[in-house]
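Notes for the structure review
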Amino acid sequence: MVIRNPHLARLTSRYLFSEIGRRRREFAAAHPEAKVISLGIGDTTEPLVEPIVTAVRERAAAMGTREGYAGYGDEQGLTALRQRIAEVLYGGKVAADEVFVSDGCKCDIGRLQLMFGPAARLAVQDPSYPAYVDSAVLTGMTGGLIEERGQFAGITYLPCDEGNGFFPDLTVIPERGIVYFCSPNNPTGAVATRAQLQQLVTAVRAKRALLVFDAAYSAYIRDPQLPRTIYEIDGAGEVAIETSSFSKPAGFTGVRLGWTVVPKALRYEDGSRLHDDFNRIVTTVFNGASVFSQAAGLAALSPAGLEATRRQVDHYLGNARLIREALTTVGFPCRGGDNAPYLWVRIPGKSSWEAFDELLHKAHVVATPGAGFGPAGEGYLRFSAFGHRENVEEAAGRLRRVFGGPRP
Ligand code: PLP
């Protein structure tokens, strides 16, 4: 038999969502009359907007004709789409050929790891989106798991909590390391200010490190003072890759379309270009995004598409407001949800799983235990704004009723 990649054995089990499912099923079996509402999942729920549906229909019809049929395209994506991303989303701050269109941001996070090799040193926000660490584990760059801490020996964890305003101490970034930074953040909903991102870029540059900036939720930023891309920050073009997605701004979690910007100015220690290597990786292990999702992406960035998807994002932000108002009314400290679709909530005196159980049993509402995103997430719950409005309204009403009275 074949020999298993030993790094696979190091991946920690997908405990979080399976444990949520187990507890939810157990509760439903014991209380079949209860209508459980999930405010836990990070998946979108609203249908695709009309300009996108029309564009995909038209593309599908064209693919059924000799003239309109297209086979393999450029692995880096349609030129028109790369141009539109560079113009519409980056205002020309990046060049079209620095944009690599993909089948999603998570897939790019996995492919990016191939550039660094097992000796690379990684720093991640704690808590953080699990794909950064998990994809690094697969390449062998993380070292062994320290069981009692739930952390890998080869990774520098950057705790983000109330004590530091959810912005980490940057002095510990490893020399020539790779720093993953996500803003607006999943799971905390924290959005870094311009000054903070400037500090980040400066710190990364001082350590001769590389920043991988995850902007998957940038469309949720409504405050005009907050940067929507790392390339708004001076000097970022020489130290930062940005990866992003149509998943959350346009509901493409099932359609699958994202992109990664690799500026040509980014260099390795030996002077060679990261852009060349990422191009090589994309042309080796990826064969380009689907013609349909790219047609959808072009439509999402048309004037009508931008207008309609902005309204959809507003709708989710409206959900976030309803959840935040309910949580604040009952006295649970929470942040996020203003320029992000997630709220990061503390139920005073409870661990994440105790808070999860209390919410499920008393309000029949599911949220995601913060401890599942890293040790610094202990004591928090993540609420998501991606549900349907009627469910959000009902859940918010239940929170007010159940937790609104005097607390022991
Ligand atoms: N990055 C972050 C921070 C996310 O939360 C998610 C999805 O939840 C992704 C990336 C994945 O994006 P995509 O659907 O494009 O793979």
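Residues numbered from 1 in each chain as written. Predicted model: local features only at pLDDT ≥ 70, side-chain atom pairs only at ≥ 80, totals over all residues. Heavy atoms only, no water.

1. Points about the site of the ligand
In the vicinity of the ligand, 14 residues are found, and the nearest of them are Cys105, Asp214, Tyr217, Ser245 and Ser247. The side chain of Asp214 places a nitrogen or oxygen atom 2.7 Å from a nitrogen atom of the ligand. A distance of 2.6 Å separates an oxygen atom of the ligand from a polar side-chain atom of Ser247. Of all the secondary-structure elements, those providing two or more residues to the shell around the ligand are helix H4 (105-112) and helix H7 (247-250). (Near = heavy atom within 4 Å. Polar contact = N/O pair within 3.5 Å; in protein donor to acceptor, adjacent residues only side chain to side chain. Helix = DSSP H or I, 4+ residues; strand = E, 2+ residues; numbered from the N terminus.)

2. Here's the deal with the sheet that holds strand S10 (residues 258-261)
The strand order across the open sheet formed by seven strands is S2-S10-S9-S8-S7-S3-S6, and the pairing between neighbours is mixed. Of all strands in the sheet, those with a lone pairing partner are strand S2 (99-102) and strand S6 (155-159), marking the two edges. Within this sheet the neighbouring strands show an average axis-to-axis angle of 20 degrees, counted without direction. Two elements, strand S8 (residues 210-214) and strand S9 (residues 240-245), share four bridges in a ladder whose sense is parallel. The residue of S9 that forms the bridge with Leu211 is Ala240. (Pairing = 2+ DSSP bridges. Axes fitted to C-alpha atoms, helices over the stretch in contact; angles between N-to-C directions.)

3. Let's talk about the domain arrangement of the protein chain
Domain boundaries in the protein chain define domain 1 (6-48 + 305-403) and domain 2 (51-302). Inter-centroid distance (C-alpha atoms) of domain 1 to domain 2 is 25 Å. Contacts between the two partners involve 37 residues from domain 1 and, on the opposite side, 53 residues from domain 2. Buried surface at the junction of domain 1 and domain 2, summed over both partners, amounts to about 3500 Å²; 61% is from carbon and sulfur atoms. In this structure, the connection of domain 1 to domain 2 is made through two salt bridges. Between Arg346 and Glu162 there is a salt bridge, with the nearest N and O atoms lying 3.3 Å from each other. One can count 15 residue pairs in polar contact (both at pLDDT 80 or more) joining domain 1 with domain 2. Listed by contribution, the elements that provide at least two residues to the side of domain 1 that touches domain 2 are helix H10 (303-329), strand S11 (334-336), strand S12 (342-346) and strand S15 (380-384). (Domains from an automatic or database assignment. Contact = heavy atoms within 4.5 Å. Buried area = accessible area lost by both parts, 1.4 Å probe. Salt bridge = Lys/Arg side-chain N within 4 Å of Asp/Glu carboxyl O.)

4. Let's talk about the packing of H4 against helix H5 (residues 131-139)
Where H4 contacts H5, the axes come no closer than 9 Å and their chain directions differ by 40 degrees. Where H4 crosses over H5, the two elements pack in a sense that is right-handed. Along its contact with H4, which presents Lys106, Ile109 and Gly110, the element H5 presents Ala131, Tyr132 and Ser135. Here the contact of H4 with H5 is composed, by residue class, of three nonpolar, two polar and one charged. (Left-handed = near helix turned anticlockwise from the far one by under 90°. Nonpolar A, V, L, I, M, F, W, Y, C, P; charged D, E, K, R; others polar.)

5. Concerning the environment of Ser218
Along the polypeptide, Ser218 turns up in the loop between S8 and S9. Residue classification places Ser218 among the buried residues on the basis of a relative accessible area of 17%. C-alpha of Ser218 to C-alpha of Asn339: the two residues are 121 residues apart in sequence and 8.4 Å apart in space. Not counting the four nearest positions on each side in its chain, Ser218 is found in contact with Pro184 and Arg228. (Buried < 20%, exposed > 50% of the residue type's maximum accessible area, 1.4 Å probe, protein only.)

6. Things to note about the pairing of S2
Within a regular strand, side chains alternate between the sheet's two faces. Along S2, one buried face is formed by Val99 and Val101 and the opposite face, lined by Phe100 and Ser102, is buried too. The sheet contact formed by S2 and S10 spans four bridges and is antiparallel. Looking at S10, one finds that Val99 is bridged to Val261.

7. Overview of unusual backbone geometry
Residue Asp126 is joined to Pro127 through a cis peptide bond whose omega torsion reads 5 degrees. On the secondary structure map, Pro127 appears in the loop between strand S3 (122-126) and H5. Cis geometry marks the peptide bond from Ser183 to Pro184, where omega comes out at -5 degrees. The backbone of Arg176 shows a phi angle near 55 degrees, a positive value even though the residue is not glycine.

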